[in-house]
Amino acid sequence: MTDNLFQGLFDTALTNTIAPGAFLLCVGVSLILGLLLCAMTLWRSHFSRSLAVTLAILPAVVCVVILMVNGNVGTGVAVAGAFNLVRFRSAPGSAREIGALFVAMGTGLITGMGYLGYGALFTLILGGAMMLYNALSLRPWAQNTPERTLHITIPEDLDYAGVFDPVLHQYARRYSLTQVKTTNMGSLFKLTYDLTLKDPSQEKRFIDQLRLRNGNLEISLGHQDTSAAAL
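A short tour of the structure in this document, coming up. (Residues numbered from 1 in each chain as written. Predicted model: local features only at pLDDT ≥ 70, side-chain atom pairs only at ≥ 80, totals over all residues. Heavy atoms only, no water.)

## Describing the pattern of salt bridges
Working step 1: Applying the stated criterion to the full structure yields two salt bridges.
Working step 2: As a salt-bridge pair, arginine 148 and glutamate 203 come within 2.6 Å of each other at their nearest N and O atoms. With arginine 148 in strand 1 (residues 147-155) and glutamate 203 in helix 9 (residues 203-213), this pair connects stretches of sequence that are 55 residues apart.
Working step 3: Accessibility expressed as a relative area gives 5% for arginine 148, which makes it buried. (Salt bridge = Lys/Arg side-chain N within 4 Å of Asp/Glu carboxyl O. Helix = DSSP H or I, 4+ residues; strand = E, 2+ residues; numbered from the N terminus. Buried < 20%, exposed > 50% of the residue type's maximum accessible area, 1.4 Å probe, protein only.)

Laid out in structure tokens, this is it:
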């Protein structure tokens, strides 16, 4: 019964079969290595929980994809095209959303190859791992840290070079301008700063002081969150 459950619907005499024990071993080791990679990559760095969870589960997803392809050129090309679709969600999506998309596409790949039992097993393992990682606070102090991401939208005729530096120097221990891009058909500039506040309780006063520099500003200040663009 177990052999039939984990046998592919489209298996032939020329098809390489995957033993359930080998499948579980590969996925288990990938999850362990994913946690290790997550810990080493994010050591002494600023990160969000969604990025940590995604880094921890991606090795297992890629492992299963390689197991399923297993030298099949046609399947490999199909998989490359399918996972290329993730880029359409990468720009606006968070790391957690991208990770969930990879898991869902991995599940579809397995069931599409005819391994229904492995598809169910993969869903239970990866779904349980994501629930566990999200329940565990990998960084319980994340919401209390003074690291912030500041977005300021300004008119195109305002020279932004150094205009906010006095306020940033007053309220931020460190800051850096990480991105400048145009918006609203080029009529506005959107500035993105990564900064560390000296006193998080002074957020409102900090925003008020920025507005005093120029009243025609749109300001957004939030906790630093490494999104899918960093993957």
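## Brief notes about the packing of aromatic side chains
Working step 1: Per the stated rule, a full pass over the model turns up four aromatic pairs.
Working step 2: Note on phenylalanine 23 and tyrosine 118: the rings are 4.6 Å apart at their centroids and 45° apart in plane angle, and the pair reads as tilted. Of the two residues, phenylalanine 23 sits in helix 2 (residues 20-41) while tyrosine 118 sits in helix 7 (residues 116-135), which places them 95 residues apart along the sequence. Accessibility classification places phenylalanine 23 together with tyrosine 118 in one group, the buried group.
Working step 3: Measuring from ring centre to ring centre gives 5.7 Å for tyrosine 160 and phenylalanine 189, while their planes differ by 65°; the resulting arrangement is edge-to-face. Here tyrosine 160 is found in the loop between strand 1 and helix 8 (165-171), whereas its partner phenylalanine 189 is found in strand 3 (residues 188-197), with 29 residues between them in sequence.
Working step 4: Put simply, the rings of Phe23, Tyr115 and Tyr118 pair up and form one aromatic cluster. (Phe/Tyr/Trp six-rings, centres within 6.5 Å; stacked < 30°, edge-to-face > 60°.)

## Here's the deal with the environment of threonine 107
Working step 1: Along the chain, threonine 107 turns up in helix 6 (residues 95-112).
Working step 2: Considering only alpha carbons, one finds threonine 107 and alanine 120, 13 residues apart in sequence, at a separation of 7.9 Å.
Working step 3: If sequence neighbours within four positions are ignored, threonine 107 has contacts with Gly119, Phe122 and Thr123. (Contact = heavy atoms within 4.5 Å.)

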